[in-house]
Amino acid sequence: MPSALSRAFIPLPLILLSITGISANTQATNVVVNGTASHTIPSTLWGLMYEASIAVGDGGLYGELLQNRAFQQVTPGTAAALNAWHPVNGAHISVIADTKPLSSALPNALQLSIPSGSSGQIGVGNEGFWGINVNSSWTYQASFFYRFPSALPTSKVTVDVSLVSASGTVFASKTATLSPTAAWTEASFALKPSHSAGNTSNNFTVTVNSAALAGKSINFALFSLFPPTFKDQKNGMRADIAEVDSALSPGKILDMIKLGPSFFRFPGGNNLVSGQTLSTRWQWNNTVGPLTARPGRLGDWSYVNTDGLGLLEYLTWIESMGMQNIMAIWAGYDFAGSLAESSLPPYIEQARQQIEFAVGNTSTTGGALRASLGREKPFVVNFVEVGNEDFFAADTYPYRWPDFVGNLSAAFPGIRFLATTDAWSPILSPTPQSYDVHVYNTPNWFAQNSFYYDSFERNGTTYFEGEYAAISTDPNDIFGSDRFLFPTIGGSTGEAAFMTGLERNSDIVFAASYAPLLGVSDPAEPSNITPNLVAFDAGTVIRSTSYYTQKLFSLNRGDEYLPSTLPNPTGTLFWSVTRRNSPPAFIIKISNTIGTPAPISFSLPSAVESSGTAQVLSGAQNASNTPENPNAVVPQTSTITTSQQFAFTAVPFSVSVLTIPIA
């Protein structure tokens, strides 16, 4: 994330119909709406940005419920290698470098040693990510690989695979037998809970009859526990967060569906596209194929990415959600520095292969690989970002940009490539078709910069507002200790003011996404980034005030923008007006960024029905939705009286969407 936004641009005066507005909103603001549209609204305007910060992929969107399932990127023999695992009933467990590993990508195993003289069930347990949500309406798919490394049992071994509470209540259990073999063998189980758990303090356990194995050991590798997945996608996203919206099982993917997003930017920001070092950068080819072939990597936010959520899983899920891809490639820069230009060719080729895997037909190497993994039809990718936040390495981007884009645009002429430095600084050749612009700032900054794009030259270059959020009220230390833990209504009204400007300038702003999208609800969690659009733990989802702001804008889109009396750029009341074709309606979005009511009247260009609807999100300036009060601020819908000339009062600190049917 940037520490500041460089705002270099080429100015071009715009014709202003008129400017009205007063800083204190003490008298009515009169808005005249022009019936001739200035431009159509791009279908891609509102969408989602994915940053794989702690437990956002693994432990969040990705279906896997077990933490540290394959002991990837850990040091054998250390306590840290056993993160999330614990012995059951006096077992001895350790992570070892197996002499006969499951695969070269997964060299480690968990060794369960049964002490001599043991009796009863003994084994290992996993606590999941902040617990495990046990729901009696789901069937869980469990599996693991095992082998006996030394003395083989004389007969088959009985094993119990269970979901249990921290106090020992059994919700689901399956008994099976393991063959006495020194070769790696996979065991799979279906677990159907008899009843749901009252909380998420639950464990996944694997236990054996210790009397039959006293003095022996079993090695385990690649454990897995999946709930139902979204649209039954193999190795996919969690279906509970796609299809359930209740107090017991609220849903992260459902929240995304309800936002009506048009695109998904992936595979992430700093964590997946930049990388701490060259060797730990995200590499697409390490994220495809069987899970046994995926080594994982230590991510930039200090936790191991399993890469179970890989390139094919992203592409499949994005398509199933009805979104477009904005896919990023690594572009020669990590946090340790930039590659010399002479060193770029193999990395350009790796990027070419990544794109070919997504869009190539089966006659290409990448397309054939994709088909071999079960997807013959190419995916649709219209946008590719070259790097991420390359304003951090703006001195080397002038040679990296043409080298990557020159080669990739020749191979994929139908794709639009996005630059990731500050817009027009430095000057790049070839001229970027699009820029990705990021800004994190104060609520007041967003309100006072709602006209940010109005003076950008209309020269064919378009803009993706790829990351933005009001995160602090301290303009001198935006990323400091005073940053918000959860979005506030004051911050969300500032963002909404900025978003009216994005909508007004959507002739050149083709896409925008709040960031970060997801985060852990516990603000004390190490490496947690705050605030987030949606916060979560194993069983709870908190939809923020900014989530509802995004939802109000995204689900109330017009087809064309209607010029109107413009807000005062330094004022406190902001609006935009669009027209929807079917069913025909005027849609007016209003942000009141201060604590006093703001009366506003509209003169519409044609006759309307006598009533419309108002969706209003409002609250105290510092009000947030939190784990203690997740519904403190939610939108309220009411019917309003309307006519071709009508008045409305925007309540203090509010985001309002008025839908007025055209007669």
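For clarity, every value in this text was computed on a predicted model and none was experimentally measured.

Here is what the cut-offs are and how they apply
- Residues numbered from 1 in each chain as written.
- Predicted model: local features only at pLDDT ≥ 70, side-chain atom pairs only at ≥ 80, totals over all residues.
- Heavy atoms only, no water.
- Helix = DSSP H or I, 4+ residues; strand = E, 2+ residues; numbered from the N terminus.
- Rg over C-alpha atoms; globule rule 2.2 N^0.38 Å.
- Buried < 20%, exposed > 50% of the residue type's maximum accessible area, 1.4 Å probe, protein only.
- Contact = heavy atoms within 4.5 Å.
- Areas by Shrake-Rupley, 256 points an atom, 1.4 Å probe, with all protein chains shown as cover.
- Lys, Arg positive; Asp, Glu negative; His and termini not counted.
- Charge placed at Lys NZ, Arg CZ, Asp CG, Glu CD.
- Core = buried A, V, L, I, M, F, W, Y, C linked by side-chain atoms within 4.5 Å.
- Phe/Tyr/Trp six-rings, centres within 6.5 Å; stacked < 30°, edge-to-face > 60°.
- Lys NZ or Arg CZ within 6 Å of the ring centre and 35° of its normal.
- Salt bridge = Lys/Arg side-chain N within 4 Å of Asp/Glu carboxyl O.
- Pairing = 2+ DSSP bridges.
- Axes fitted to C-alpha atoms, helices over the stretch in contact; angles between N-to-C directions.
- pLDDT = per-residue confidence, 0-100.
- Expected span 1.5 Å × (residues − 1).
- Parallel < 35°, antiparallel > 145°, perpendicular 65-115°, else oblique.
- Left-handed = near helix turned anticlockwise from the far one by under 90°.
- Nonpolar A, V, L, I, M, F, W, Y, C, P; charged D, E, K, R; others polar.

Some thoughts on the overall build of the chain
Okay, step 1: Looking only at helices and strands, the chain has 12 helices and 35 strands in total.
Okay, step 2: Here the C-alpha radius of gyration of the chain, 27 Å, is about what a compact globule of 663 residues would show, namely 26 Å.
Okay, step 3: Across its three principal directions, the C-alpha atoms of the chain cover 90 × 60 × 45 Å.
Okay, step 4: Counting the 663 residues in the chain, one finds 60% classified as buried.
Okay, step 5: The contacts of the chain with a sequence gap of at least 6 include a subset with a gap of at least 24, amounting to 75%.
Okay, step 6: Within the structure as shown, the chain displays about 23,400 Å² of accessible surface, and the carbon and sulfur contribution to it stands at 52%.
Okay, step 7: Taking the average place of the 32 positive charges on the side chains of the chain and the average place of its 45 negative ones, the gap between the two points comes to 8 Å.

Re the nonpolar core
The nonpolar side chains of a soluble globular protein tend to be buried, and buried together.
Okay, step 1: Ranked by internal contacts, the top residues of the largest apolar core, which has 99 residues, are F264, W317 and F404.
Okay, step 2: If we skip the residues at most four places from it in the chain, F404 touches I329, W330, A331, G332, L344, Y347, I348, A351 and V386.
Okay, step 3: By size, the runner-up hydrophobic cluster in this structure holds 41 residues, among which are L82, I93, V134 and V161.

Observations regarding the packing of aromatic side chains
Okay, step 1: Taken as a whole and judged by the stated rule, the model has 41 aromatic pairs.
Okay, step 2: Ring plane angle 80 degrees and centroid distance 5.6 Å describe the contact between W46 and F553, whose orientation is recorded as edge-to-face. Separated by 507 residues along the polypeptide, W46 in the loop between β2 (39-40) and β3 (48-49) and F553 in helix α12 (residues 545-554) bring together distant segments of the chain. As far as the burial class goes, W46 and F553 line up, both buried.
Okay, step 3: An angle of 55 degrees between the planes, with centres 4.9 Å apart, marks the rings of Y453 and F456 as tilted. The pair Y453 / F456 is uniform in exposure class, with both members buried.
Okay, step 4: If you follow R281 out to its NZ or CZ, it ends over the ring of W330, 5.0 Å from the centre.
Okay, step 5: Over the face of the ring belonging to F451 we find R504, whose NZ or CZ atom lies 4.1 Å from the ring centre.

Remarks on unusual backbone geometry
Okay, step 1: In the segment running from S425 into P426, the intervening peptide bond is cis, with an omega of 0 degrees.
Okay, step 2: Checked against the element boundaries, P426 lands in the loop between β21 (416-419) and β22 (434-441).
Okay, step 3: Residue P531 is bonded to the preceding T530 through a cis peptide linkage, with omega at -5 degrees.
Okay, step 4: Locating P531 in the fold gives a position in the loop between β25 (518-520) and β26 (534-536).
Okay, step 5: Positive phi, close to 60 degrees, is recorded for N68, a residue that is not glycine.
Okay, step 6: Along the chain, N68 falls in the loop between α1 (57-61) and β4 (85-88).
Okay, step 7: Taking the relative accessible area as the measure of exposure, N68 reaches 15% and is therefore buried.
Okay, step 8: In this structure, A84 takes a positive phi of about 80 degrees despite not being glycine.
Okay, step 9: Within the secondary structure, A84 sits in the loop between α1 and β4.
Okay, step 10: Take A84: its relative accessible area is 6%, and that puts it in the buried class.

Some details on the pattern of salt bridges
Okay, step 1: Enumeration according to the criterion identifies 14 salt bridges in this entry.
Okay, step 2: Across the pair R294 and E313 runs a salt bridge, and its minimum N-O distance is 3.2 Å. With R294 in the loop between α5 (270-274) and β15 (297-298) and E313 in helix α6 (residues 311-320), this pair connects stretches of sequence that are 19 residues apart.
Okay, step 3: Several salt bridges converge on common partners, so that one network encompasses R265, E385, D436 and E467.

A closer look at the sheet that holds β2
Okay, step 1: Read across the open sheet, the seven strands follow the order β2-β28-β29-β30-β35-β32-β33; overall the sheet is antiparallel. Edge positions in the sheet fall to β2 and β33 (636-641), since each has one partner strand and no second.
Okay, step 2: Note: strand β29 (residues 573-580) against strand β30 (residues 585-592), eight bridges, orientation antiparallel. When the bridges of β30 are listed, L573 appears paired with N592.
Okay, step 3: Those strands touched by helix α11 (residues 489-504) are β2, β28 (560-561), β29, β30, β32 (611-618) and β35 (654-661), and its axis lies near 50 degrees from that of β29.
Okay, step 4: Contacting β30, β32 and β35, α12 runs over the sheet at an angle of about 155 degrees to β32.

Some remarks on the sheet that holds β3
Okay, step 1: As summarised here, the arrangement of the eight strands in space is β3-β14-β17-β20-β21-β22-β23-β24, forming an open sheet in which the pairing is parallel. Looking at which strands have only one partner, the edges of the open sheet turn out to be β3 and β24 (509-514).
Okay, step 2: Across eight bridges, the pairing between β22 and strand β23 (residues 462-470) is parallel. In the sheet register, V439 faces β23, and the bridge partner there is Y468.

Topic: the confidence of the model for the chain
Okay, step 1: Confidence in the prediction of the chain, expressed as mean pLDDT, is 91, and 92% of residues score 70 or more.
Okay, step 2: Note that pLDDT drops below 50 for residues 1-24; the model gives that stretch 69 contacts with residues more than four away or on any other chain.
Okay, step 3: Within the model, the stretch residues 241-250 combines pLDDT values under 50 with 31 contacts to residues more than four positions away or in other chains.

Some words on α11
Okay, step 1: In this model, α11 (16 residues) spans 22 Å end to end at C-alpha, consistent with the 22 Å of a helix rising 1.5 Å per residue.
Okay, step 2: A large share of α11 lies buried, amounting to 16 of its 16 residues.

So, the pairing of strand β34 (residues 645-650)
Okay, step 1: Residues of β34 alternate between two faces, with F646, F648 and A650 buried on one and Q645, A647 and T649 left unburied on the opposite face.
Okay, step 2: Where strand β31 (residues 598-603) meets β34, six bridges bridge the pair, whose relative direction is antiparallel. Each residue of the ladder has a partner; that of S603, found in β34, is Q645.

A short note on α12
Okay, step 1: Here α12 lies mainly inside the structure; nine of its 10 residues are buried.
Okay, step 2: Residues of α12 that are buried: T545, S546, Y547, Y548, T549, Q550, L552, F553 and S554.

Quick word on the packing of helix α7 (residues 345-359) against helix α8 (residues 365-372)
Okay, step 1: It is the contact of α7 with α8, at a shortest axis distance of 7 Å, that shows an interaxial angle of 50 degrees. Classified by the angle their axes make, α7 and α8 are oblique. Of the two elements, α7 crosses α8, and the hand of that crossing is right-handed. Listed contacts from α8 to E356, F357, A358 and V359 of α7 are T365, G366, G367, L369 and R370.
Okay, step 2: Of the residues assigned to the contact of α7 with α8, the class counts are four nonpolar, three polar and two charged.

Points about the environment of V304
Okay, step 1: With respect to the element layout, V304 can be found in strand β16 (residues 304-305).
Okay, step 2: Taking the C-alpha atoms as reference, V304 lies 7.3 Å from Q72; in sequence the two are 232 residues apart.
Okay, step 3: Not counting residues within four places of it along the chain, the set of residues in contact with V304 comprises D58, Q72, Q73, R297 and L298.

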